Amino acid sequence: MILKDRVAVVTGAGSGIGQAGAAIMAREGAHVIVVDRSRKAAEATVGAIAAKGGSAEALPLDVTDDVALSDGIADILYRHGGIDILHNHAGAQVAGDLEGVEVAGFDRSWSLNVRAHFMAARLVMPSMKAAGSGVIVNTSSSSGVLYDREMIAYTTTKHAVIAMTRQMAGDYAKYGIRVNALCPGWVDTPFNEPFIAQMGGRSAIEAYIREKVPLGRWASVDEIAESILFLVSDRSSYMTGQILVVDGGETVV
Ligand SMILES: NC(=O)c1ccc[n+]([C@@H]2O[C@H](COP(=O)([O-])OP(=O)(O)OC[C@H]3O[C@@H](n4cnc5c(N)ncnc54)[C@H](O)[C@@H]3O)[C@@H](O)[C@H]2O)c1
């Protein structure tokens, strides 16, 4: 077990990639705090982890609520004495080009995709500094390194996640803290529903992926979880400020 006794916080872990990341960390011996705005989803992830003999607890909150996030992290620090791993994963896709996107949707994207990562990292940093170690992974996207058709709120925020990751990594390496960004490509989770609707339905997205992704298929959440495990474990111990793109080759072409 490569994460034995580490305390890991994963946001957006009630579904999809975050859930698979939480499960793989628990499989490797971490105690995982499953953060999700849906209590039911968070508890389902905890139940699935417990059923396999892992250790986890649910922390139902909206990560854009500063007070709830701050109280939740303070409580984890009080009860567990520290946080070794923070995976800032919760994020949203809001469709639209410059003129089409709702301004409120742009603001919502910023607050969830960027500001909530910033706040959570800021809240865990004093304890990681005191420990002289810690790992933060911020979920960006292949859209953080690519143009994405008529998705200005999403690409802007996901590019910003990469800038923020590099900045945090440079500033905190001297404390033994590593910060990297994860850029998944197409993963079949409920998250993509706005883009699928914008494209005109399921068959359009399937055709798009066959054509645009050199491997010609979606990633599974378990394939992305393997990359998360690499980033949060000592297997990436000399890696900080980097962008791990896991996209079936989409960004190659
Ligand atoms: N699925 C993809 O193709 C893909 C590709 C690249 C990047 N991503 C990134 O992955 C993340 C989404 O993960 P997923 O695809 O597994 O999605 P998902 O929809 O399966 O899961 C997202 C989870 O986040 C939770 N959540 C949403 N807003 C929240 C909030 N404000 N506070 C707390 N929890 C919240 C939801 O309740 C849900 O359980 C986003 O950051 C997204 O940018 C996804």
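The following paragraphs examine the structure supplied in this document.

Scoring rules and cut-offs
Residues numbered from 1 in each chain as written. Predicted model: local features only at pLDDT ≥ 70, side-chain atom pairs only at ≥ 80, totals over all residues. Heavy atoms only, no water. 1 Å grid on protein atoms, 1.4 Å probe; cavity = no way out; pocket = protein on both sides within 12 Å on 5 of 7 lines; lining within 4 Å. Points joined across faces, edges and corners; volume = space filled by probe spheres on them. Helix = DSSP H or I, 4+ residues; strand = E, 2+ residues; numbered from the N terminus. Nonpolar A, V, L, I, M, F, W, Y, C, P; charged D, E, K, R; others polar. Near = heavy atom within 4 Å. Polar contact = N/O pair within 3.5 Å; in protein donor to acceptor, adjacent residues only side chain to side chain. Areas by Shrake-Rupley, 256 points an atom, 1.4 Å probe, with all protein chains shown as cover. Sits in = over half its atoms within 2 Å of the grid points. Phe/Tyr/Trp six-rings, centres within 6.5 Å; stacked < 30°, edge-to-face > 60°. Buried < 20%, exposed > 50% of the residue type's maximum accessible area, 1.4 Å probe, protein only. Pairing = 2+ DSSP bridges. Axes fitted to C-alpha atoms, helices over the stretch in contact; angles between N-to-C directions.

Its volume calculated, the largest pocket comes out at about 1,200 Å³. Along the walls of the largest pocket sit 47 residues, with Gly91, Ala92, Gln93, Tyr154 and Phe191 positioned nearest its centre. When residues of the lining of the largest pocket are traced back to their parent elements, those giving at least two are helix H1 (16-27), strand S2 (31-36), helix H4 (103-131), helix H5 (152-172) and helix H7 (202-212). Examining the composition of the lining of the largest pocket, we find that four residues originate from one element, H4, more than from any other. When grouped by side-chain class, the residues that make up the lining of the largest pocket number 19 nonpolar, 19 polar and nine charged. By volume, the second largest pocket is sized at about 460 Å³. Surrounding the second largest pocket, 22 residues form its lining, Ala23, Ile24, Arg27, Ile49 and Lys52 being those nearest its centre. Elements with a minimum of two residues in the lining of the second largest pocket: H1, helix H2 (39-51) and helix H8 (221-232). Looking at the lining of the second largest pocket element by element, the count peaks at seven residues for H1. For the lining of the second largest pocket, the per-class residue count stands at ten nonpolar, eight polar and four charged.

Ser15, Ile17, Asp36, Tyr154 and Thr189 are the nearest of the 27 residues found near the ligand. The separation between an oxygen atom of the ligand and a polar side-chain atom of Ser15 is 2.6 Å. The backbone of Val63 places a nitrogen or oxygen atom 3.0 Å from a nitrogen atom of the ligand. Its free accessible area being 830 Å², the ligand has 93% of it covered by the protein chains. Here the ligand is seated within the largest pocket. Listed by contribution, the elements that provide at least two residues to the shell around the ligand are H1 and H5. Class assignment for the residues of the shell around the ligand results in eleven nonpolar, twelve polar and four charged.

This brings us to the packing of aromatic side chains. Scanning all chains against the criterion turns up six aromatic pairs. For the ring pair Trp186 and Tyr208, a centre distance of 5.7 Å and an interplane angle of 80 degrees mean the geometry is edge-to-face. Here Trp186 is found in the loop between strand S6 (177-184) and helix H6 (193-199), whereas its partner Tyr208 is found in helix H7, with 22 residues between them in sequence. Take Trp186 and Tyr208: they sit in the same class, and that class is buried. Three or more aromatic residues joined by ring pairs form one cluster here, namely Trp186, Phe195, Tyr208 and Trp218.

A few words on the sheet that holds strand S3 (residues 55-60). Strands belonging to one sheet form pairs held by backbone hydrogen bonds; the direction of such a pair is parallel or antiparallel. If you walk across this open sheet you meet the seven strands as S3-S2-S1-S4-S5-S6-S7, and the pairing is parallel. In this open sheet, the two edge strands, each paired with only one partner strand, are S3 and strand S7 (243-246). Neighbour-to-neighbour, the strand axes of the sheet open up by a mean angle of 15 degrees, direction not taken into account. Bridging between S6 and S7 involves four bridges; their strand directions are parallel.

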